[in-house]
Amino acid sequence: MDTSLRRLSMQRDGYFTEPPVIHSYQDLVEFIQRMNSDWIAATRRLSPGILLGMLRQSETELVTLLETLNPDESAMFSVAWAGEEVSTNGFDIAREYTEKWHHQMQIRLSVGQTGCLYLPRYFQPIIDCFIKAIPVAYQKLEQAECNLIIEITGECGGLWYLQKHEGEAAFVEAFETENKVIISQEEFWQLVTNSKPKQDVIYTSVGDTVLAELFLKTVAVMS
């Protein structure tokens, strides 16, 4: 609700409070965490009924706003975890969707009711968006060259071929390599959203162990 209301205030209504002092990625993460804490503390005073009503209104208004945006134009907010300083509205909206999806799924998992969120209609966009975080993780690799095949199993998964060449990591056309990571689609989203301790993530790997260990550091949230 907080992210929806702030976006509506800024992007629709042109209302901006004093900007935070942000000099680094970590500064941004800490700023977001402070806002989360403030919101949680304030809304403890509100009943579930009031919160649900506010959610319905804010989410409806947010969707109405997003539908007015040209997906190819530059977004007000970049997708920092994908390594972008400027993003399109289309990618920014996709990121907004992943936020809504994964927080709802965290709640659903806690009560054992995953419901419809694993249906391809809702889950495929999550995989398609989160996969963009992987090259960013491998940019941090000290070695300038590497090849890795990533297999995400499940109806919404697939094969991705990651290559780091002359210090730049990106997905490319298919190639042969002994380095491979295999992970289920359910484990993948929990990995990249820090919804599960890294040591508990279930995956298999062959080849270069350094490349496999780095895969576990992939995040697709501000964390």
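As a reminder, the structure under discussion sits directly above these lines.
Here is a short report on the structure shown in this document. (Residues numbered from 1 in each chain as written. Predicted model: local features only at pLDDT ≥ 70, side-chain atom pairs only at ≥ 80, totals over all residues. Heavy atoms only, no water.)

1. A look at unusual backbone geometry
Okay, step 1: The residue glutamate 166 is not glycine, and still its phi comes out positive at about 50°.
Okay, step 2: On the secondary structure map, glutamate 166 appears in the loop between strand S2 (158-165) and strand S3 (168-172).
Okay, step 3: Of note, the phi angle at asparagine 194 is positive, near 55°, even though the residue is not glycine.
Okay, step 4: Inspection of the secondary structure puts asparagine 194 in the loop between helix H7 (185-192) and strand S5 (203-206).
Okay, step 5: Residue asparagine 194 is classed as partly exposed on the basis of its relative accessible area of 34%. (Helix = DSSP H or I, 4+ residues; strand = E, 2+ residues; numbered from the N terminus. Buried < 20%, exposed > 50% of the residue type's maximum accessible area, 1.4 Å probe, protein only.)

2. Thoughts on the sheet that holds S5
For sheets, the rule is that strands pair by backbone hydrogen bonds, running either parallel or antiparallel.
Okay, step 1: Strand order in the open sheet formed by 5 strands is S3-S2-S1-S4-S5, and the pairing between neighbours is mixed. Strand pairing shows two members of the sheet lacking a second neighbour, S3 and S5, which therefore form its edges. Across the sheet, the mean angle separating the axes of adjacent strands is 20° when strand polarity is ignored.
Okay, step 2: Both S2 and S3 contribute to a ladder of 5 bridges, which runs antiparallel. Along S3, the bridge assignment pairs histidine 165 with glutamate 168.
Okay, step 3: Of the strands in this sheet, strand S1 (146-153) and strand S4 (180-184) are in contact with H7, which crosses S4 at around 100°. (Pairing = 2+ DSSP bridges. Axes fitted to C-alpha atoms, helices over the stretch in contact; angles between N-to-C directions. Contact = heavy atoms within 4.5 Å.)

3. Some remarks on helix H3 (residues 48-66)
Okay, step 1: Between its terminal C-alpha atoms H3 stretches 26 Å, which fits the 27 Å expected from 19 residues at 1.5 Å a residue.
Okay, step 2: Where H3 is buried, its residues meet helix H1 (2-12) and helix H4 (89-110). (Expected span 1.5 Å × (residues − 1).)

Note that all results are geometric; they support no functional claim without further evidence.
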